[in-house]
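So the chains spell out like this:
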Amino acid sequence: MIDWWRNLLMSLPSGLRVPTTWLLNFLLGLALALVLNYVLYRIGLPSKPFIYVAF
Amino acid sequence: MTFFRPVGFLVGLAVGLVGCSLLARWVSARGYHDTFTRFHVRLSPEAHYYPTIEEMRGIVRARCRPDQILVIVGGNSIFHGVGQPVGKIWTEELQRLLGPRYCVINFAFRGALCTDGGAYVAESLRREFPRQIYVANTSPFSVPEAYGVEPYRYLFWEARARGLLESFPEREQRVAEFFARDFSVGDRFELWGRFGLDRVLRYHDLWNWVGFRYFFTIPNPLTPARPQATWAREKFKDEEVDFETIPIHERFKAESRDAEMAIVRGFSETHVTRTYRGGWAIRWKSRLEFEAAARAAFPDDLKRRTLIMLSRNSPIYLNQLTREERTREEFVYRESTAAWRSFGYRALDYGADYAPADFGDRTHLTASGGRKLAKKVAEEVVTLATDLGYHSKVEAKR
């Protein structure tokens, strides 16, 4: 996978390689933020749902 | 060539977290429940959907104008309207009776206390909607814990962590005692981290919105299998059963009579003791526990806008009490009402004169019972609004 990205980036014109790397790293950060946000949401929920019983 | 750019990555991470937080704040503040009636069973903790305090505040903002008198209904399944389908919910009747000068929102939850959910929303909106009345039900000498009850207690911690609640000594003392009694240092740290982090990042607000509008990601017993498991929660309509379609003999089954009668007797039995003159007195433990909690349940300035309704049981069971038990029952309701009033709350009971057909089971009301309740609450709300100076007596009669 890493080799695939490396080859892809190396195939770009030299002037585009650095900004594209920055952009991809930025997008990776964004994606991880979303995943982190979701994980925090899930671990904050009780593991078992509330069962309502009327008294 | 370096393929990993830590600065770019960290900027992306920061932008992502800030963006999620801003988006969550924006959608929650505006409200996204377009056809809100109440938090029905598939929009509740029973279905792993935990409405957030901001989400509830957004519902109020979307539905009510600041020039209306806000009436937030809290309490348990009785005030939620169990057994009353959409179109027959007692709070809809309450809205009809009060008219367009009032805005009624039903934030009652099944199994909640009078201090849960809606109470925190109302308190948090005290400046935005200064003309507000909070109505909730309870049973005699039931302890109104300032921090609510599970599974709805998260709303208290959430509102508190976000600085939305008033700080006053009685409640702080109560919370401190709760911490000392039930929380280890680790539990406190977890609570602080959980709600402190959510205050900043707003992940519950964000994913509730996604779950409500687009797709739900939490498996739960009510929608265990796909495709329903992942459907946006807004696709599920409020499909409450209608008690009035069930014959009365099926609502009150003979095999559950003894268990129900034990509960009915317990309403008064657990709180009284005999006096040497043969009368009744409230047990000191019941009274002290109630008084300590009632003092801390609502801030002093909000107690007088709080209407507490004490729920009665069905006459099908009450009529089976002995004469002595009936006397005891009346005594406990009278004392409980007086106890609430002694702290500055408006309090009264309802249901004593209801017919068997007004109840769907021992405690929940049918649509006909709901209409009677709505009438009584509407009268009391108008009187309270007048007393609080929300409108004049002349306006109240219009």
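Higher on the page you've got the structure.
This is a predicted model, so every value here is computed, not measured.

K.L.:
Honestly, the overall build of chain A in this entry has me stumped. Any pointers?
P.N.:
The secondary structure content of chain A amounts to two helices and zero strands. The globule rule puts the C-alpha radius of gyration for 55 residues at 10 Å, and the 21 Å found for chain A is more than 25% above it. Along the first, second and third principal axes, the C-alpha set of chain A runs to 75 × 20 × 10 Å. A total accessible area of about 3900 Å² is found for chain A, and carbon and sulfur atoms account for 75% of it.

K.L.:
How do you make sense of the overall build of chain B when you look at a structure like this?
P.N.:
The helix and strand tally for chain B stands at 17 helices and seven strands. Rg of the C-alpha trace for chain B: 23 Å, near the compact-globule value of 21 Å for 398 residues, within the 12% margin. When each of the 398 residues of chain B is scored for burial, the buried share is 57%. The long-range fraction of contacts in chain B, counting pairs at least 24 apart against all pairs at least 6 apart in sequence, stands at 77%.

K.L.:
Sorry if this is basic, but what is going on with the interface of chain B and chain A here?
P.N.:
It is common to report an interface's size as the accessible area lost on association of the parts. Between chain B and chain A, the contact holds 41 residues from the first and 31 residues from the second. Between chain B and chain A the total buried area reaches about 3300 Å² when both faces are included, carbon and sulfur atoms providing 73% of it. Inspection of the chain B/chain A interface yields zero salt bridges. Across the chain B-chain A interface, the total number found is seven residue pairs in polar contact (both at pLDDT 80 or more). Looking at the side of chain B that touches chain A, the elements with two or more residues in it are helix 1 (6-30), helix 8 (185-201) and helix 9 (203-213) of chain B.

K.L.:
Teacher, can you tell me more about the nonpolar core here?
P.N.:
In a soluble, globular protein the nonpolar side chains are often hidden away together inside. Residue and element names in this part refer to chain B. With 81 residues, the main nonpolar core has V60, I105, F107 and W157 as its most contacted residues. Looking at this core element by element, the count peaks at six residues for helix 9. Filtering out sequence-adjacent residues up to four positions away, V60 remains in contact with L70, I72, I105, F107, V121, L125 and F129. With 35 residues, the next largest nonpolar core counts V264, M309, L365 and A378 among its residues.

K.L.:
For this particular structure, what's the right way to read the sheet that holds strand 6 (residues 306-311) of chain B?
P.N.:
Strands pair in a sheet through their backbones, by hydrogen bonds, and they do so in one of two ways: parallel or antiparallel. All names here are of chain B. What the five strands build is an open sheet, ordered 2-1-3-6-7; its pairing is parallel. This sheet does not close on itself; its edge strands, each paired only once, are strand 2 (102-106) and strand 7 (346-350). Geometrically, the sheet is characterised by an average inter-axis angle of 20° between neighbouring strands, direction not taken into account. By the bridge criterion, five bridges tie strand 3 (residues 132-138) to strand 6 in an arrangement that is parallel. Residue N137 lies in a different strand from strand 6, and its bridge partner there is M309.

K.L.:
Would you mind showing me how to read the packing of helix 6 (residues 153-161) of chain B against helix 7 (residues 169-182) of chain B here?
P.N.:
When two helices pack together, their arrangement is given by the angle between the helix axes and by the axis-to-axis distance. All names here are of chain B. Two numbers describe how helix 6 lies on helix 7: the axes approach to 14 Å, and their chain directions differ by 120°. Viewed along their axes, helix 6 and helix 7 adopt a mutual orientation that is oblique. Classified by chirality, the crossing of helix 7 by helix 6 is left-handed. Residues R153, F156, W157 and R160 of helix 6 pack against R171, E172, V175, F178 and F179 of helix 7.

K.L.:
For this particular structure, what's the right way to read the pairing of strand 3 of chain B?
P.N.:
Counted residue by residue, strand 3 of chain B has seven buried out of seven residues, so it is predominantly covered. Neither face of strand 3 of chain B is left uncovered, since the one carrying Q132(B), Y134(B), A136(B) and T138(B) and the one carrying I133(B), V135(B) and N137(B) both have all their residues buried.

K.L.:
Mind showing me how you'd approach the environment of R171(B) here?
P.N.:
All names here are of chain B. Mapping R171 onto the fold places it in helix 7. Judged by its relative accessible area of 1%, R171 is buried. Separated by 24 residues in sequence, R171 and Y147 have C-alpha atoms that sit 8.4 Å apart. For R171, the contacting residues outside a window of four places in its chain are E123, A146, F156, L165, E166, A296, A297 and P299.

K.L.:
Quick question: what am I supposed to make of the side chain of N25(A) here?
P.N.:
Looking at the secondary structure, you find N25(A) in helix 2 (residues 14-43). Of the residues examined, N25(A) reaches a relative accessible area of 5% and is grouped as buried. The contact partners of N25(A), leaving out residues within four places of it in the chain, are F3(B), F4(B), R5(B), G8(B) and F9(B).

K.L.:
Explanation requested: the pattern of salt bridges in the structure shown.
P.N.:
Opposite charge on two side chains makes pairing possible when the charged atoms of those side chains draw close. All names here are of chain B. Applying the stated criterion to the full structure yields 34 salt bridges over all chains. When the shortest N-O distance is used, the salt bridge between E54 and R57 registers 3.2 Å. Of the two residues, E54 and R57 are both situated in helix 2 (residues 53-63); the distance of three residues between them amounts to about one turn of the helix. Take E54 and R57: they sit in the same class, and that class is buried.

K.L.:
What exactly am I supposed to notice about helix 11 (residues 257-269) of chain B here?
P.N.:
Each α-helix turn comprises 3.6 residues. Residues three or four places apart therefore point the same way. All names here are of chain B. With 13 residues, helix 11 ought to run about 18 Å at 1.5 Å a step, and its terminal C-alpha atoms sit 18 Å apart, in line with that. Listing the buried residues of helix 11 in full gives E260, M261, V264, G266, F267 and S268. Along its buried surface, helix 11 packs onto strand 4 (272-274), strand 6, helix 14 (315-318) and helix 15 (323-342).

K.L.:
I keep staring at the packing of aromatic side chains and nothing clicks. Help me out?
P.N.:
The relation between two aromatic rings is expressed through the spacing of the ring centres and the mutual angle of the planes. Summed over all chains, the structure comprises 33 aromatic pairs over all chains. Where Y38(A) meets W207(B), the ring centres are 4.8 Å apart and the plane angle is 75°; that geometry is what we call edge-to-face. Of the two residues, Y38(A) is situated in helix 2 and W207(B) in helix 9; the pairing between them involves two chains. Pairing F36(B) with F39(B) gives two aromatic rings, centres 4.9 Å apart and planes at 65°, and the pair type is edge-to-face. Note on accessibility: F36(B) and F39(B) belong to one class, buried. Here a set of aromatic residues connected by ring pairs shows up, and it is made of Y120(B), Y147(B), F156(B), W157(B), F178(B), F179(B) and F183(B).

K.L.:
I tried to follow the pairing of strand 7 of chain B on my own but got confused; where do I start?
P.N.:
Residues in a regular strand project their side chains so that they alternate between the two faces of the sheet. All names here are of chain B. Within strand 7, four of the five residues are buried, which leaves it mostly tucked inside the rest of the structure. Both strand 6 and strand 7 contribute to a ladder of five bridges, which runs parallel. Counterpart to L310 in the pairing with strand 7 is D349.

The rules behind each value
Residues numbered from 1 in each chain as written. Chains lettered and ligands numbered in written order. Predicted model: local features only at pLDDT ≥ 70, side-chain atom pairs only at ≥ 80, totals over all residues. Heavy atoms only, no water. Helix = DSSP H or I, 4+ residues; strand = E, 2+ residues; numbered from the N terminus. Rg over C-alpha atoms; globule rule 2.2 N^0.38 Å. Areas by Shrake-Rupley, 256 points an atom, 1.4 Å probe, with all protein chains shown as cover. Buried < 20%, exposed > 50% of the residue type's maximum accessible area, 1.4 Å probe, protein only. Contact = heavy atoms within 4.5 Å. Buried area = accessible area lost by both parts, 1.4 Å probe. Salt bridge = Lys/Arg side-chain N within 4 Å of Asp/Glu carboxyl O. Polar contact = N/O pair within 3.5 Å; in protein donor to acceptor, adjacent residues only side chain to side chain. Core = buried A, V, L, I, M, F, W, Y, C linked by side-chain atoms within 4.5 Å. Pairing = 2+ DSSP bridges. Axes fitted to C-alpha atoms, helices over the stretch in contact; angles between N-to-C directions. Parallel < 35°, antiparallel > 145°, perpendicular 65-115°, else oblique. Left-handed = near helix turned anticlockwise from the far one by under 90°. Expected span 1.5 Å × (residues − 1). Phe/Tyr/Trp six-rings, centres within 6.5 Å; stacked < 30°, edge-to-face > 60°.

The values are spatial; any link to function lies outside them.
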